[in-house]
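Commentary on secondary and tertiary structure
Residue strings, one per chain:
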Amino acid sequence: MKGLVCKVCGYIALDGNREQCPVCRAKNVFEDKEDAYKMTDFKAISGETEKKHIPSFAVVRKRGLIPGADYIDVRVKIGEILHPALPEHHIMEIAFYIDNKFVENIMLTSDINPTAVIRLKDGTKGKVQVIESCNVHGKWFNEVKVE
Ligand SMILES: [Fe+2]
């Protein structure tokens, strides 16, 4: 997929904002790239490489300990098949967006299974989008609708 990429840190601006990178804070460093990330029809994937890289989601609504403190956990797991967690091949980061706006970038070490959770306030609506970065196979996108 075509995308707007920070030349310093590799962040992808889904919102099209070219001014300042929200991850590394560099200014005016974005470039358009034809193959910024991979986006696959999750239901149609068949290859092992795809099965190891496409982010999948579980949206879980939780009761808070006090009234008004309910929340939504969006759990992300990278790959239907477990991705390698080795120094030479691992998932480096998971970037979260909501409706194309950057939310958080979670950095991973090479010795852990690639999963992450983002906690949203109850009532949050929109598309939660994730781009994960593999140090060998590049960036992979998927999204889930939270209603
Ligand atoms: Fe990989």
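Now for a quick tour of the structure. Residue numbers run consecutively from 1 along every chain, following the written order of its sequence. Side-chain atom pairs in this predicted model are given and counted only at pLDDT of 80 or more, local residue features only at pLDDT of at least 70, and totals for whole chains, interfaces and linings cover all residues. Hydrogens are left out, water is left out, and the side-chain values use all remaining heavy atoms of the structure.

Considering the overall build of the chain
Inclusion rule: Helix and strand labels come from DSSP, where a helix needs a run of H or I of at least four residues and a strand needs a run of E of at least two; each type is numbered from the N terminus. We take the radius of gyration over the C-alpha atoms and set the globule estimate at 2.2 Å times the residue count to the 0.38 power. Type-normalised accessible area, obtained with a 1.4 Å probe on protein chains alone, sets the label of each residue: buried when under 20%, exposed when over 50%, and partly exposed for intermediate values. The contact criterion used is simple: two residues touch if any of their non-hydrogen atoms lie within 4.5 Å. Residue-level accessible areas treat just the shown protein chains as cover; the underlying method is Shrake-Rupley with a 1.4 Å probe.
The secondary structure content of the chain amounts to 1 helix and 10 strands. In sequence order, the chain lays out its α and β elements as β-β-β-α-β-β-β-β-β-β-β. Against the 2.2 N^0.38 benchmark of 15 Å for 147 residues, the chain shows a C-alpha radius of gyration of 16 Å, consistent with a compact globule. Overall, the chain is about 45 × 35 × 30 Å in size when its C-alpha atoms are taken along their principal axes. Classification of the 147 residues of the chain by burial places 40% in the buried group. In the chain, 55% of the contacts between residues at least 6 apart in sequence involve partners at least 24 apart. When the accessible surface of the chain is split by element, carbon and sulfur atoms take 49% of a total near 8,500 Å².

Details of the coordination of the iron ion
The criterion, for reference: Each metal site lists N, O and S donors within 2.8 Å (3.2 Å for Na, K and Ca). With water left out of the atoms, a site can look as if it is missing ligands.
His-53 (NE2), His-83 (NE2), His-89 (NE2), Cys-134 (SG) and His-137 (ND1) make up the full set of protein donors to the iron ion, lying at 2.1 to 2.4 Å. The sequence motif formed by the donor residues of the iron ion is H-x29-H-x5-H-x44-C-x2-H. One end of the pair, His-53, is in helix α1 (residues 48-53); the other, His-89, is in the loop between β5 (71-78) and β6 (91-98), with 36 residues separating them in the sequence. Here the two residues His-53 and His-89 agree in accessibility, since each one is buried.

Concerning the sheet that holds strand β9 (residues 126-134)
To keep it simple, the criterion reads: The criterion for strand pairing is that DSSP finds at least two bridges linking the strands in question.
Spatial strand order, β3-β10-β9-β6-β7: 5 strands in an open sheet with mixed pairing. The open sheet has two free edges, formed respectively by β3 (38-39) and β7 (101-107), since each of these has just one partner strand. As defined by bridge partners, β6 adjoins β7 across 6 bridges and the pair is classed as antiparallel. In the strand pairing of β7, Ile-94 is matched with Ile-106.

Brief notes about the sheet that holds β5
Where we set the bar: Think of each axis as a best-fit line through the C-alpha atoms, taken over the contacting stretch in the case of a helix, with angles from 0 to 180 degrees between the N-to-C directions.
The 3 strands are arranged β4-β5-β8 in an open sheet whose pairing can be described as antiparallel. Single-partner strands in this sheet number two, and they are β4 (55-62) and β8 (115-121). Sheet twist, expressed as the mean angle between neighbouring strand axes with direction ignored, is 20°. Relative to β5, β4 runs antiparallel, the two being bridged by 8 bridges. By the bridge assignment, Ser-56 is partnered in β5 with Lys-77.

Observations concerning the nonpolar core
Let me state the cut-off plainly: Remark: nonpolar core denotes a set of buried residues (Ala, Val, Leu, Ile, Met, Phe, Trp, Tyr, Cys) joined through side-chain atoms within 4.5 Å.
Core analysis: the largest hydrophobic core is formed by 18 residues, its most contacted members being Val-74, Ile-91, Ile-94, Phe-96, Leu-120 and Val-128. Looking at this core, the elements that each hand over two or more residues are β5, β6, β8, β9 and β10 (138-146). Excluding anything up to four places from it in sequence, Leu-120 contacts Tyr-71, Ile-72, Val-74, Ile-98 and Val-128. In this structure, Leu-4, Ile-12, Ala-26 and Phe-141 belong to the second largest nonpolar core, which totals 17 residues.

These figures capture arrangement, not role.
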